Amino acid sequence: MGIEEKLPAGVLLTSVEKLVNWSRKSSVWGATFGLACCAIEMMAAGGPHYDMGRWGMEVFRASPRQADLMIVAGRVSQKMAPVLRQIYDQMAEPRWVLSMGVCASSGGMFNNYAIVQGVDHVVPVDMYLPGCPPRPEMLIDAILKLREKINHEPLGPNGRRMLEQRKERGDVPVVPYGSMPSSYRNDKARRAEWTQAVREGREEQLRIENWMKQERHLQGGGRW
Amino acid sequence: MGAITGTFKGFGVTFSHMFRKIVTTDYPFEPAPAAPRYHGRHILNRHPDGLEKCIGCELCAWACPADAIYVEGGDNTDEQRFSPGERYASIYQINYARCIFCGLCIEACPTRSLTMSNEYELARDNRQDLIFTKEQLLAPLLPGMEQPPHPMRLGETEKDYYVGALTNPGTSAGAERAPWSETGTKDATGEAS
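Predicted model only: the values in this text are computed from it and were never measured.

Quick notes on the rules
Residues numbered from 1 in each chain as written. Chains lettered and ligands numbered in written order. Predicted model: local features only at pLDDT ≥ 70, side-chain atom pairs only at ≥ 80, totals over all residues. Heavy atoms only, no water. UniProt positions renumbered as here; feature names shortened; annotations may be inferred. Helix = DSSP H or I, 4+ residues; strand = E, 2+ residues; numbered from the N terminus. Contact = heavy atoms within 4.5 Å. Buried < 20%, exposed > 50% of the residue type's maximum accessible area, 1.4 Å probe, protein only. Core = buried A, V, L, I, M, F, W, Y, C linked by side-chain atoms within 4.5 Å. Buried area = accessible area lost by both parts, 1.4 Å probe. Salt bridge = Lys/Arg side-chain N within 4 Å of Asp/Glu carboxyl O. Polar contact = N/O pair within 3.5 Å; in protein donor to acceptor, adjacent residues only side chain to side chain. Nonpolar A, V, L, I, M, F, W, Y, C, P; charged D, E, K, R; others polar.

What about the UniProt feature "binding site: [4Fe-4S] cluster 1" (unreviewed entry) in chain B?
Residue and element names in this part refer to chain B.
Okay, so step 1: As recorded in UniProt, the feature "binding site: [4Fe-4S] cluster 1" (unreviewed entry) lies at Cys54, Cys57, Cys60 and Cys109. In summary, the annotated positions, though distributed over 56 residues, converge in three dimensions, the widest C-alpha pair being only 10.5 Å.
Okay, so step 2: Of note, Cys54 is situated in the loop between β1 (42-44) and α2 (59-63).
Okay, so step 3: Contacts of Cys54, omitting those with residues within four sequence positions, involve Leu44, Ser83, Arg87, Tyr88, Ala89, Tyr92 and Ser113.
Okay, so step 4: Relative to the helices and strands, Cys57 resides in the loop between β1 and α2.
Okay, so step 5: According to the relative accessible area criterion, Cys57 is partly exposed, its value standing at 36%.

What follows is the structure in structure tokens.
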């Protein structure tokens, strides 16, 4: 990327890494790449009701050179694919790609010759967000997961080597970065619950259990 | 002079917004509940004794407009019984990178085995994790349920499961337990809800 490729290893690197990652994740500016209905939900997420400004990214840059995150919102046709790649190439490093909605993630229900079957055929994708279209909460959840990943990215070749060494030692988090749902990660009790469930390999069951507890009609209770 | 009063008028409008009700939802910290019939991720339900309701008929896979569901049926035997009746789903996968949450699979399901929850936080950083297998989709074991395979506990044949199902649909997360539902007004304990 730049000067961080020449950083030495050691205590200094880890502190600089933390600082750099914190500043990088704190204001991720999005490049608009609204292609279909998902873009409507993306706009709603930027509006006052959902307000992505709470994470410093209410501003969507039309210019790729000022953007950090490309949200591919919608189906990518074969004709649009080179344009998408060009926008991506024009973005400055470090850059991330969020594939929003099933059409961008895998082609979705458009399994035909006109649509690229997954935007990861064209650009590397950091976060896949299912849904057709995903509601603004889902987009915010995906962005928060991506922010967690950015926060733990290694910096420079030495940082990458230190990460490899940590992996060899088995020093990896129980819950992989960017896999815990945001409503769990932002609540201390629920986060502990989720971590425990991952250890037991039953996190998806935990989710259903909690949903059933929340929905009174599923417990044979009265009308909600 | 008019310019100055005009400026303050403008700031006044801005300032008065400080006292307005906040419309922003506090999503990740206090998520608002979704609409009760919101189409979220699926659940594969269980009978009250823990046997799976899915009979591996693949109707959900046929109904799916996005080809997101893959089912492979297997034969139940007396030693290895996963569901009442002859067949069960030995492999059941839903690809959430394709699923459009239309709910046609729910309508197609003849045993109300497949229903939907309101869970929507599904983003992952690779496509592999978006394919949910049967282990992830199955409903949790509630009190009184036993992990299959095990013999039928609620009757001699599968008819006892399905004929009585209208009045006793079981305790898993299916929408048939909603109190307004025409068919399901009782839970496994027999108490009217």
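Description of the nonpolar core
Okay, so step 1: Counting 42 residues, the largest nonpolar core has A:Leu84, B:Ile69, B:Tyr92, B:Tyr96 and B:Leu114 as its most contacted members.
Okay, so step 2: Elements with a contribution of two residues or more to this core: β3 (69-73) and α3 (81-90) of chain A together with α2, β2 (69-75), β3 (87-95), α3 (104-108) and β4 (114-116) of chain B.
Okay, so step 3: Apart from residues no more than four positions distant in its own chain, B:Leu114 is found in contact with B:His42, B:Ile43, B:Leu44, B:Cys60, B:Tyr92, B:Ile94, B:Cys105, B:Ile106 and B:Cys109.
Okay, so step 4: Ranked by size, the runner-up nonpolar core spans 29 residues in total, among them A:Cys38, A:Met42, A:Met138 and A:Ile150.

Here we look at the interface of chain B and chain A
Often, the extent of an interface is quoted as the loss of accessible area on bringing the components together.
Okay, so step 1: With 52 residues of chain B in contact, the opposing surface of chain A contributes 56 residues.
Okay, so step 2: Counting the surface lost from both chain B and chain A, the interface buries some 4700 Å², and carbon and sulfur atoms represent 58% of this.
Okay, so step 3: Looking at the side of chain B facing chain A, the largest losses of area belong to B:Arg98, B:Glu121 and B:Arg127, adding up to 14% of the total buried there.
Okay, so step 4: Inspection of the chain B/chain A interface yields 6 salt bridges.
Okay, so step 5: The salt bridge partner of B:Glu119 is A:Arg207, with a shortest N-O separation of 3.8 Å.
Okay, so step 6: Counting across the chain B and chain A interface gives 18 residue pairs in polar contact (both at pLDDT 80 or more).
Okay, so step 7: It is helix α4 (residues 134-137) of chain B that contributes the most residues to the side of chain B that touches chain A, 3 residues altogether.
Okay, so step 8: Looking at side-chain class alone, the side of chain B that touches chain A contains 32 nonpolar, 10 polar and 10 charged residues.

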